[in-house]
Amino acid sequence: MSASFVQLVPFLWLLLAVTLEIAGTSLLKLSDGMSRRITGAGGVVLVMGAFAALAQAIKGMDLAVAYAVWGGVGLVVTAVVGALAFGQHIKPAGWLGILLVIAGVAALKLV
């Protein structure tokens, strides 16, 4: 395996973790407070998968960076999914908060 691929692997795990977390959280929303049990169980399984993928990601990268990226990207994309798929409105102050999260993740990654 090439050195560049080995360095890419943790980021691929992190991408998987973010994707599973967003999908799982969306299913939890669709479960209507777990009243749709299969949908809710699917959401729980996906969120558990997200944590498993995050555990793999932190084997090859700093915990702070991995967790900040996972949480930050998850928050931003989940907010957008909430607005587009579920009709949830994000107020201007909320968008400002999202921008601050993005700036914080970027600053952590640059340090």
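Our subject is the structure listed above.
A brief structural summary. Source: prediction; values computed, not measured.

**Here's the deal with the overall build of the chain**
Okay, so step 1: A count of helical and extended segments in the chain gives 4 helices and 0 strands.
Okay, so step 2: In the chain, the succession of helices and strands from N to C terminus is α-α-α-α.
Okay, so step 3: Counting only C-alpha atoms and orienting by the principal axes, one finds that the chain spans roughly 45 × 35 × 20 Å.
Okay, so step 4: Long-range pairs, those at least 24 residues apart, make up 58% of the contacts in the chain with a sequence separation of at least 6.
Okay, so step 5: Only carbon and sulfur atoms are counted for the fraction: they give 74% of the accessible area of the chain, which is about 7,100 Å².

**Considering the packing of helix α1 (residues 3–30) against helix α3 (residues 63–86)**
Okay, so step 1: As a packed pair, α1 and α3 sit with axes 9 Å apart at the nearest point and diverge in direction by 40°. In terms of orientation, α1 and α3 fall into the oblique class. For the pair α1 and α3, the sense of crossing is right-handed. Along its contact with α1, which presents L14, A17, V18, E21, I22, T25, S26, K29 and L30, the element α3 presents A66, V69, W70, V73, G74, V77, T78, V81 and F86.
Okay, so step 2: Its residues assigned to classes, the contact of α1 with α3 shows 12 nonpolar, 4 polar and 2 charged.

**Thoughts on a nonpolar patch on the surface**
Okay, so step 1: A surface patch of nonpolar side chains, about 450 Å² in accessible area, is lined by F5, L8, F11, L12 and L15.
Okay, so step 2: Inspection of the secondary structure puts L15 in helix α1.

**So, the packing of α1 against helix α2 (residues 37–57)**
Okay, so step 1: Closest axis-to-axis distance for the α1/α2 pair is 7 Å, and the angle between their directions is 160°. The orientation of α1 with respect to α2, classified from their angle, is roughly antiparallel. The handedness of the crossing between α1 and α2 is left-handed.
Okay, so step 2: Of the residues that constitute the contact of α1 with α2, the class distribution is 17 nonpolar, 8 polar and 1 charged.

**Overview of unusual backbone geometry**
Okay, so step 1: Positive phi values are uncommon outside glycine, yet D32 reaches one of about 55°.
Okay, so step 2: Within the secondary structure, D32 is located in the loop between α1 and α2.
Okay, so step 3: The phi dihedral of M34 falls on the positive side, at around 70°, and the residue is not glycine.

**A short note on the nonpolar core**
Okay, so step 1: In this structure, L14, A17, L54, M61, A66, V69 and W70 are the most contacted members of the largest nonpolar core, which totals 16 residues.
Okay, so step 2: Only α1, α2 and α3 provide two or more residues apiece to this core.
Okay, so step 3: Beyond its immediate sequence surroundings of up to four residues, L14 is in contact with L54, A57, M61, A66, V69 and W70.

The rules we used
Residues numbered from 1 in each chain as written. Predicted model: local features only at pLDDT ≥ 70, side-chain atom pairs only at ≥ 80, totals over all residues. Heavy atoms only, no water. Helix = DSSP H or I, 4+ residues; strand = E, 2+ residues; numbered from the N terminus. Contact = heavy atoms within 4.5 Å. Areas by Shrake-Rupley, 256 points an atom, 1.4 Å probe, with all protein chains shown as cover. Axes fitted to C-alpha atoms, helices over the stretch in contact; angles between N-to-C directions. Parallel < 35°, antiparallel > 145°, perpendicular 65-115°, else oblique. Left-handed = near helix turned anticlockwise from the far one by under 90°. Nonpolar A, V, L, I, M, F, W, Y, C, P; charged D, E, K, R; others polar. Patch = residues over 30% accessible without salt bridge, like charges linked within 9 Å, V, L, I, M, F, W, Y side chains within 5 Å. Salt bridge = Lys/Arg side-chain N within 4 Å of Asp/Glu carboxyl O. Core = buried A, V, L, I, M, F, W, Y, C linked by side-chain atoms within 4.5 Å. Buried < 20%, exposed > 50% of the residue type's maximum accessible area, 1.4 Å probe, protein only.

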